[in-house]
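# Structure at a glance
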Amino acid sequence: MCGVAAVVSLNNPELNVLPDLLRILLQMQNRGPDAAGFGIIGLVGKPNLQWKKSGSAKELFAPSEVGHILDKFSGSRPITIGHVRYATASERDADNAQPHHFGVGGQRFVVAANGDIPFCDSEQTKLTRIGYQFESNCDAEVIAKWLGHAWLNNGHNEEEAFQEVGKTLSGAFSLVAITPSKRLFIMRDPIGFRPLWYGLDKSAGLFYVASESAILQKITGSIPCEVLPGELIVVNPFTATEQIKKYRFANNRPQRFCLMEIYYFSRPDSFHSEKDLRTMHELRLNLGRQLGKEWKAGGYPEPELVCPVPNSGTASAQGFALECGVPYIEAIFKDRYAGRIFLDPAAERANRAFTNLSVIAGYVKGKKVAVTDDSIVRGEQSIDVARKLYAAGAEEVYWLITAPPYCYPCFFGINTPDPELLIAHQRSIEELQR
Ligand code: AMP
């Protein structure tokens, strides 16, 4: 899971838009704390550039660091792209940070992508056999190399190269790229696994792209547009007419938006889609209401309070409380400075789970407690929290989950490739309850 963004100055090619991009990356840290980076258009006659490092956007673009970065990339820079990374398929080191590039003779594609290519290794092997060398095992480098390869073979037609790769490469990719002709290319895979939005601030003449619609809505003051599955958008700040061109290279594939975006990853204030302008928070709250309806209809005992696993169960606990008329109480407390546990390597995970969440015993002692969470993936968090609730004296604990059982691995950008680690894999609901 990652986040991508881009900024283009449409009215003034002299402008440097890097500060605007860094502000967006800082607001998108929910999508990845492992690394951050950006690509930026080269000065006249110079190649496009990139910068990336391990660490969160907050650390890398802290006030003490950012002056130095902006000095290094000063001058007229009307196009920039950016990336925040949550390491899924490849290791969490600086080599796998994004953007990645493809370059020949001072001509450079710089690419930042969200989503995983499931057959990345075999794509890399194919490209290595044709003679390309890799500095990472990241999907975005595979995409950059395929784009460059297609472009070299088609007489340097960038639009065609993107559409060819978009049609043939199988996997999840919501991407932004700066090309040798110094234009911004935006592309979303035909299935539409990962979100991608764009918006325009007309008065400032700035065009924006981001994985989170909420950020664009805040900046531009209007509802952004979705990059459609199978769509390519090309933005050219150096022309007076037709600055934004759109191409649909695939529009008849079934679309499968990632459910974990809805349950968990996306910012609560982002929209589901252009066709469904409900925010993720509203959807999560409605899921909690639905749990409440099913709870009442199932004739289960009435809980004395409903309490969310912070923060992933908050909206659904609110919905459940509204539906069932049960008090909503935040009896589970999260140390927000301890970070998100699932992002840590497995060995660290158990320890962190132990220290990260604690129960306020006074609220739960002798009570029937309903707990909500978005999903159970490995089951470690639910087991840990249930134990803590009983240890704090809860009489009964009911576990309410909005997502269906997470039974199978995902190879499209959620870090769950091994079915053996999924607690719901080959287990019935009764076994899960036990
Ligand atoms: P657990 O069942 O212990 O794996 O923890 C589940 C919690 O972590 C839920 O809130 C999930 O939404 C969240 N989570 C999100 N993504 C992942 C992931 N890739 N692996 C594990 N847990 C995840």
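Before reading on, note that the structure itself is shown above.
Our subject in this report is the structure included herewith. (Residues numbered from 1 in each chain as written. Predicted model: local features only at pLDDT ≥ 70, side-chain atom pairs only at ≥ 80, totals over all residues. Heavy atoms only, no water.)

## Comments concerning the overall build of the chain
Along its length, the chain carries 14 helices and 18 strands. Taken against the 2.2 N^0.38 rule, which gives 22 Å for 434 residues, the C-alpha radius of gyration of the chain at 23 Å falls within 12% of a compact globule. Oriented by its inertia axes, the alpha-carbon framework of the chain measures out at about 75 × 50 × 45 Å. Taking all 434 residues of the chain together, the buried fraction comes to 56%. Sequence-distant contacts in the chain: of pairs separated by 6 or more residues, those separated by 24 or more amount to 66%. (Helix = DSSP H or I, 4+ residues; strand = E, 2+ residues; numbered from the N terminus. Rg over C-alpha atoms; globule rule 2.2 N^0.38 Å. Buried < 20%, exposed > 50% of the residue type's maximum accessible area, 1.4 Å probe, protein only. Contact = heavy atoms within 4.5 Å.)

## Quick word on helix α13 (residues 380-391)
Compared with the 16 Å implied by 1.5 Å per residue over twelve residues, the 16 Å span of α13 between its first and last C-alpha is a close match. Burial in α13 covers these residues: S382, D384, V385, A386, K388 and L389. (Expected span 1.5 Å × (residues − 1).)

## Quick word on the side chain of S174
Structurally, the position occupied by S174 is in strand β7 (residues 174-178). Engagement of the side chain of S174 in a polar contact is seen with the backbone oxygen of R194, the distance being 2.9 Å. Non-local contacts of S174, meaning those with residues more than four positions away in its chain, are made with V4, A112, A113, N114, M187, R188, R194, P195 and L196. (Polar contact = N/O pair within 3.5 Å; in protein donor to acceptor, adjacent residues only side chain to side chain.)

## Concerning the packing of aromatic side chains
In total, this model carries 16 aromatic pairs according to the counting rule given. Here a set of aromatic residues connected by ring pairs shows up, and it is made of F102, F109, Y132, W151, F162 and F185. The residue whose ring lies beneath K145 is F134, and the NZ or CZ to ring-centre distance is 5.5 Å. (Phe/Tyr/Trp six-rings, centres within 6.5 Å; stacked < 30°, edge-to-face > 60°. Lys NZ or Arg CZ within 6 Å of the ring centre and 35° of its normal.)

## Considering helix α4 (residues 120-130)
When we look at burial in α4, the residues that qualify are C120, E123, Q124 and L127. The buried residues of α4 all sit within an arc of 100° when viewed along its axis, so they share a single face. Exposed side chains of α4 directed beyond 90 degrees from the buried face belong to D121 and R129. The positive-phi residue at the C-terminal boundary of α4 is G131, with phi of around 115°. (Arc of directions from axis to C-beta.)

## Things to note about the state of the cysteines
The tally for this structure, following the rule as stated, stands at zero disulfides. Sulfur of C138: no disulfide; nearest cysteine sulfur belongs to C120 and is 7.1 Å away. Note on C324: no disulfide assigned, nearest cysteine sulfur contributed by C307 at a separation of 15 Å. Among the residues examined, C324 registers a relative accessible area of 16% and is labelled buried. (Disulfide = S-S within 2.5 Å.)

## What to know about the packing of α4 against helix α5 (residues 139-153)
Close contact between α4 and α5 brings their axes to 10 Å; oriented N to C, the two are set at 40°. As summarised for this structure, α4 and α5 are arranged oblique, according to the angle between their axes. By crossing handedness, the relation of α4 to α5 is classed as left-handed. On α5, the residues touching C120, E123, Q124, K126, L127 and I130 of α4 are D139, V142, K145, W146 and H149. (Axes fitted to C-alpha atoms, helices over the stretch in contact; angles between N-to-C directions. Parallel < 35°, antiparallel > 145°, perpendicular 65-115°, else oblique. Left-handed = near helix turned anticlockwise from the far one by under 90°.)

## A few points about a nonpolar patch on the surface
Residues F333, I360 and Y363 make up a contiguous nonpolar surface patch of about 290 Å² in total accessible area. Examined against the element boundaries, F333 turns out to sit in strand β15 (residues 332-334). (Patch = residues over 30% accessible without salt bridge, like charges linked within 9 Å, V, L, I, M, F, W, Y side chains within 5 Å. Areas by Shrake-Rupley, 256 points an atom, 1.4 Å probe, with all protein chains shown as cover. Salt bridge = Lys/Arg side-chain N within 4 Å of Asp/Glu carboxyl O.)

## A closer look at the pairing of strand β2 (residues 35-40)
Of all the six residues making up β2, six are buried; the element is thus mostly covered by neighbouring parts of the structure. Neither face of β2 is left uncovered, since the one carrying A35, G37 and G39 and the one carrying A36, F38 and I40 both have all their residues buried. Pairing analysis gives six bridges linking β2 to strand β3 (residues 49-54), with the strands arranged antiparallel. Paired with A36 across the bridge in β3 is K53. Bridge count between β2 and strand β4 (residues 79-85): six bridges; the pairing is antiparallel. Bridge pairing in β4 links G39 to I81. (Pairing = 2+ DSSP bridges.)

## Quick word on the pattern of salt bridges
Pairing is possible between side chains that carry opposite charge, provided their charged atoms lie close to one another. Counting across every chain of the model gives 15 salt bridges. Put simply, E123 and K126 hold a salt bridge, and the shortest N to O gap is 3.4 Å. Placement of both E123 and K126 in helix α4 is noted, with a separation of three residues, approximately one turn of the helix. A relative accessible area of 12% means that E123 is categorised as buried. When its relative accessible area of 41% is taken as the criterion, K126 is described as partly exposed. Between E323 and K296 there is a salt bridge, and its shortest N-O distance comes to 3.3 Å. On the criterion of sequence distance, the pair formed by E323 in helix α10 (residues 314-324) and K296 in helix α9 (residues 280-297) is long-range, its members being 27 residues apart. Overall, K296 belongs to the partly exposed group, its relative accessible area being 47%.

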